[in-house]
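# Observations on chain architecture
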Amino acid sequence: MSNLHEECGVFGVYAKEKTTVASTAYYGLFALQHRGQESCGIVVNDDGVFQYHKDDGLVNDVFKPEIMEKLGEGNMAVGHVRYGTTGASDRLNAQPIVINHIKGKMALAHNGNLVNSFELRQELELEGSIFHTTSDTEVISYIITKERLNAPSIEEAVNQAMYRIKGAYSLVVMSASKMIAARDPHGFHPLCYGVTKEGTYVIASETCALDAVSATFVRDVQPGEIVVFDGDEIRTIHEHVGETEKRLCIFEHIYFSRPDSCVDGVSVHHARVTAGACLAMEHPVQADVVIGVPDSGLDAAIGYARQSGIPYGIGFIKNKYIGRTFIAPGQKVREDKVKIKLNVVSETVKGKRVVMVDDSIVRGTTSARIVKLLREAGATEVHVRSSAPPFLFPCYYGTDVDSKNGLIAANHSIEEICQIIGADSLGYLNLDHLGMLMGVPKGEGYCAACFDGNYPTDIPKETNKNRFEGKLSERRDKK
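Report follows, based on the coordinates. A quick note: this is a predicted structure, and the numbers were derived from the prediction, not measured. (Residues numbered from 1 in each chain as written. Predicted model: local features only at pLDDT ≥ 70, side-chain atom pairs only at ≥ 80, totals over all residues. Heavy atoms only, no water.)

This part is about the overall build of the protein. Secondary structure assignment for the protein yields 18 helices and 23 strands. Put simply, 70% of the contacts in the protein that link residues at least 6 apart link residues at least 24 apart. (Helix = DSSP H or I, 4+ residues; strand = E, 2+ residues; numbered from the N terminus. Contact = heavy atoms within 4.5 Å.)

Here it is in structure tokens:
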């Protein structure tokens, strides 16, 4: 149960005929709710007329029956669930973004984080662009719009924009007549599409969202690829494919994605079980029971138990009505949520030596609280195992850690962390074994910069999450 802040989920629907695309988007976003719980939105396209609604809150709270009725039917829809990695956490920054310009309407949903958004925004502002939000998604929408003025089509505008935007982005772009999926050349975050038996195409951040709307998985969007849904035709643009090495965020398999998803052909559940097995070999211990911290730690705990031969037990009951801790902005809010989110199954841990497997340890406060809960429930020993290596460096590609401040492993030794969280022993997944999770050689095909500091792109000049909301004097100085 890390305190990481990521991420967003994107979803698109392209139907051949007018239908209830809003409902399809609703259920798709429901399946992606784990990727963002700050805000959500849906835009419906009815033959070029856009109806949309977005607001702070969970999908089920924002899209009441009267809102769904207002959205009506259409032949296309784009949806988004948000945790913001650039810009404040308020309704203003909810997505999708809708743009009206001389070449037509456009709606855009974005998962990721640009490393050159600050420079691009300054450039656009000096040219007269007026920004209504403080997110880097609006920067992307303006760059695409600017390219569209001279491009023969919306897909070519996206293609040209990809030469200018740098960093992590999985996009769903909807024009009056087309739906476009685009993934950055590194492929930092997942994007895939499928088709229903009625012939409706569905684009999603994860395969679990395809399952939720009874769509059959077709394939992943390749890093650097643009997929265009236009009439009965599906076209692809491969101009950016192979432009650079693939670097899928390894945290998609460790934490962010749902265990029932497959990301770039790899089962998330299998990856986490593998991580747990590696932990058992790297950090064995004499114990009576292995438990996992819901939800991301459960699969790794199963892997640890299988490999070690120590029985697996249900150690926690999770309150399903409390959002994932890492998504709650502000440390005090996160701590309050931990208190009501988990309850220990005393029968499992009382009088026993416990191995507690968690997905990661970022700031350490949540881990300390959980260890304390186990001891209060009667555990005689608590041995903590993290299915991720120590989090040592900032992430600039969608995880909301823009500095080393607060990263416990960047400021303390493993022995010190063990004392701080109150554990009897502590073990992290070996950095060299990350490739095993995806079935690839060490260091190939994935980004582990948050663990090893090897960034696939230039580091952004301005890294603060709220860089577009600073004081006027500070912004003037940077210009």
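Moving on from the coordinates now.
Now for the nonpolar core. Phe251, Ile254 and Phe451 are the most contacted members of the largest nonpolar core, which totals 37 residues. Taken together, the elements giving at least two residues each to this core come down to strand S14 (247-249), helix H8 (251-256), helix H9 (268-282), helix H10 (296-308), strand S20 (353-358), helix H16 (434-438) and helix H17 (449-452). For this core, the element with the highest residue contribution is H9, accounting for 6 residues. Ala22, Tyr26, Ile42 and Leu71 belong to the second-largest nonpolar core, a separate cluster that totals 29 residues. (Core = buried A, V, L, I, M, F, W, Y, C linked by side-chain atoms within 4.5 Å. Buried < 20%, exposed > 50% of the residue type's maximum accessible area, 1.4 Å probe, protein only.)

So, on to the pattern of salt bridges. Under the definition given, this model contains 21 salt bridges. Among the salt bridges present, the one from Asp46 reaches Lys18, with a minimum N-O distance of 3.3 Å. Of the two residues, Asp46 sits in strand S2 (residues 39-46) while Lys18 sits in strand S1 (residues 7-19), which places them 28 residues apart along the sequence. We classify Lys18 as exposed; its relative accessible area is 52%. In this structure, Glu127 engages Lys146 in a salt bridge whose closest nitrogen and oxygen atoms are separated by 2.7 Å. Here Glu127 is found in the loop between helix H4 (117-126) and helix H5 (136-148), whereas its partner Lys146 is found in helix H5, with 19 residues between them in sequence. You can call Glu127 partly exposed: its relative accessible area is 47%. (Salt bridge = Lys/Arg side-chain N within 4 Å of Asp/Glu carboxyl O.)

The strand order across the open sheet built from 7 strands is S3-S2-S4-S1-S10-S9-S11, with neighbouring strands paired in antiparallel fashion. Of all the strands in the sheet, the pair left with one neighbour each is strand S3 (49-56) and strand S11 (216-220). Pairwise comparison of adjacent strand axes, ignoring direction, gives a mean angle of 15 degrees for this sheet. In terms of strand pairing, S1 meets strand S10 (residues 201-204) through 4 bridges, oriented antiparallel. In the strand pairing of S10, Gly12 is matched with Ile203. Contacting S1, S2 and strand S4 (74-83), helix H1 (residues 21-31) crosses the sheet at an angle of about 155 degrees to S1. (Pairing = 2+ DSSP bridges. Axes fitted to C-alpha atoms, helices over the stretch in contact; angles between N-to-C directions.)

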